Amino acid sequence: MKLIVVSNREPYRVETSRGRGRLEKTVGGLVSALEPILRKEGGVWICWGRKGQKTPLETRITEDFLMKQVPLTSNDVSEYYYGFSNETLWPLCHMFLNRTHFDSRYWLGYRRVNRKFARAVSEVYTPGSKILVNDYQLALVPKLLKEQGIEDTIYMFWHIPFPPYFMLRFLPQRREILEGMLGADVIGFHTQHYVHNFQECARDILGALYDDDTIYWNGRKIKVRAIPIGIDVERWERLTSEPKVVKYARNLRKKLGVEYVGIGVDRLDYTKGLEEKFRGIGRFFEKYPSFRGKVSFIQIAAPTRTRLEDYMDIKRKTDEIVGMIEGKFGEPGWVPIYYYYKNYRDERLASLYMVADFALVTPLIDGLNLVSKEYVASKRDNDGVLILSEFAGVSVQLMDGALIVNPFDEEAIAEAIYMALKMRKRERRERMEMLKKKVVNEDIHWWLKNFLKDVSA
Ligand code: G6P
């Protein structure tokens, strides 16, 4: 059996230095889940190509594992990636109607690139393959593959929230998106709530029928399942036991010179609620002045989709509010918020998670959120508190051990920080143990085994 993975992002970046190319594995849930399988059992990963590349670029990772990159023009990137994917579907699915742009050129670009991806699949497909299409950038691919006569099971996983009918109906291409996805035989989402939204959209927009886990459409049966993706727990355990990671954490703790440290790691995206988080931190220092000088918060904000106005806007706003808090509460010798607008490698993140007494994961809405799982996996001593937004898909899994907050409520964020700092060691441990159990039991291998059923993990 050959596995064909289709995703917008590439599993490897080709780094060239002094004229020589070197493959660098990209970081992310999907890559750490599937890369080892493809290495072991062979297969193809189809993803977007590099700028200026004219023909499909094939890179042989092992004898049986091929990375095939679909060449995209700069118009493709503007209309398909920045346009329809990230200015239309992304905000709409995250319920930001005011940030959703409808532009028929975006749609044409999206359709064109989805066709390119489908063509690339048919070029490598052989009967008996299993195909896994990922995410909102490629919603039309499953149907295109069915039309090409592929009879093997097509899996699709939707990694972001699926919106309710009253949102999706605003989209002029709502039928095409649903029909595109329903070309798959199995469609996965992170939560039952998204499954339900999808079923209702299929019923109300297409007139499809459904029961528990099946949609009946066009004489076919399509399985829909809620199965949240997990992380590679062993990898995080390995990272947090590496001497240089442990040493960095220890030194950092000393240098910070405060009693308590908080951590936040997000892409700088308006869905992540950074402004609201900082307001909550500001409110905390206002309400509990005895903690000034004793708590520092470290926020990593990874640059993303920086060409888009909405992302520039959120950057301006976040810079401004961090400055406001520094100006209002900061004092010589104490920084309330350390804020870094850059990417960090997992080794460094592992050290930061180890240092942090609490993590603030407070997206306004999030498909799942893997940072919360990484924080838990990095807490080898089971000591630390996770403060988690009720609107992150992962809250369904982690609600028992985490302190759950409404991310729009700065008062609730301030109170949760206070509770985390006042919490007795025993309760911290009990809560972290509950979280650990979930993160370990429902890890990436569990996801893979359950979603792709007979692909061995
Ligand atoms: C989310 C999406 C992914 C996407 C990632 C980063 O997690 O579900 O499909 O790859 O964000 O976004 P980017 O636009 O940088 O690929």
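What you are looking at is a predicted structure, and each value in this text was computed from that prediction instead of being measured.

Caption draft 1: The arrangement of the sheet that holds strand S10 (residues 209–211) in detail. Taken in spatial order, the 10 strands of this open sheet run S5-S6-S4-S1-S7-S8-S9-S12-S11-S10, and their pairing is mixed. Edge positions in the sheet fall to strand S5 (57–62) and S10, since each of these pairs with one other strand and no more. If you compare each strand with its neighbour and ignore which way they point, the axes differ by 20 degrees on average. Relative to strand S12 (residues 220–226), helix H7 (residues 192–206) is tilted by about 150 degrees, and along the sheet it contacts strand S9 (186–189), S10, strand S11 (214–217) and S12.

Caption draft 2: Fine view of the site of the ligand. The ligand sits among Arg9, Tyr81, Trp90, Asp135, Tyr136, Gln137, His159, Ile160, Arg267, Thr304 and Arg305. Side-chain polar atom of Arg9 to an oxygen atom of the ligand: 2.7 Å apart, as the coordinates give it. Tyr81 has a polar side-chain atom sitting 2.5 Å from an oxygen atom of the ligand. Taken by itself the ligand offers 370 Å² of open surface, and the protein chains cover 74% of this.

Caption draft 3: Quick look at the domain arrangement of the protein chain. Once the domains are mapped, the protein chain shows domain 1 (3–230 + 445–451) and domain 2 (233–440). Summarising the inter-unit geometry, the C-alpha centres of domain 1 and domain 2 are found 30 Å apart. Of the residues lining the interface, 26 residues belong to domain 1; the matching set on domain 2 comes to 22 residues. Counting each side, the surface lost to burial between domain 1 and domain 2 is near 2000 Å², with a carbon and sulfur contribution of 59%. The largest share of the area that domain 1 buries against domain 2 comes from Tyr82, Trp90 and Arg99, three residues that together contribute 32% of it. Applying the counting rule to domain 1 against domain 2 returns 3 salt bridges. Taking the shortest distance from any N to any O, the salt bridge between Arg99 and Asp310 comes out at 3.0 Å. The tally of links from domain 1 across to domain 2 stands at 11 residue pairs in polar contact (both at pLDDT 80 or more). Top element by residues in the side of domain 1 that touches domain 2 is helix H2 (residues 74–93). It accounts for 8 residues. Counted by class, the side of domain 1 that touches domain 2 contains 14 nonpolar, 9 polar and 3 charged residues.

How each quantity is defined
Residues numbered from 1 in each chain as written. Predicted model: local features only at pLDDT ≥ 70, side-chain atom pairs only at ≥ 80, totals over all residues. Heavy atoms only, no water. Pairing = 2+ DSSP bridges. Helix = DSSP H or I, 4+ residues; strand = E, 2+ residues; numbered from the N terminus. Axes fitted to C-alpha atoms, helices over the stretch in contact; angles between N-to-C directions. Contact = heavy atoms within 4.5 Å. Near = heavy atom within 4 Å. Polar contact = N/O pair within 3.5 Å; in protein donor to acceptor, adjacent residues only side chain to side chain. Areas by Shrake-Rupley, 256 points an atom, 1.4 Å probe, with all protein chains shown as cover. Domains from an automatic or database assignment. Buried area = accessible area lost by both parts, 1.4 Å probe. Salt bridge = Lys/Arg side-chain N within 4 Å of Asp/Glu carboxyl O. Nonpolar A, V, L, I, M, F, W, Y, C, P; charged D, E, K, R; others polar.

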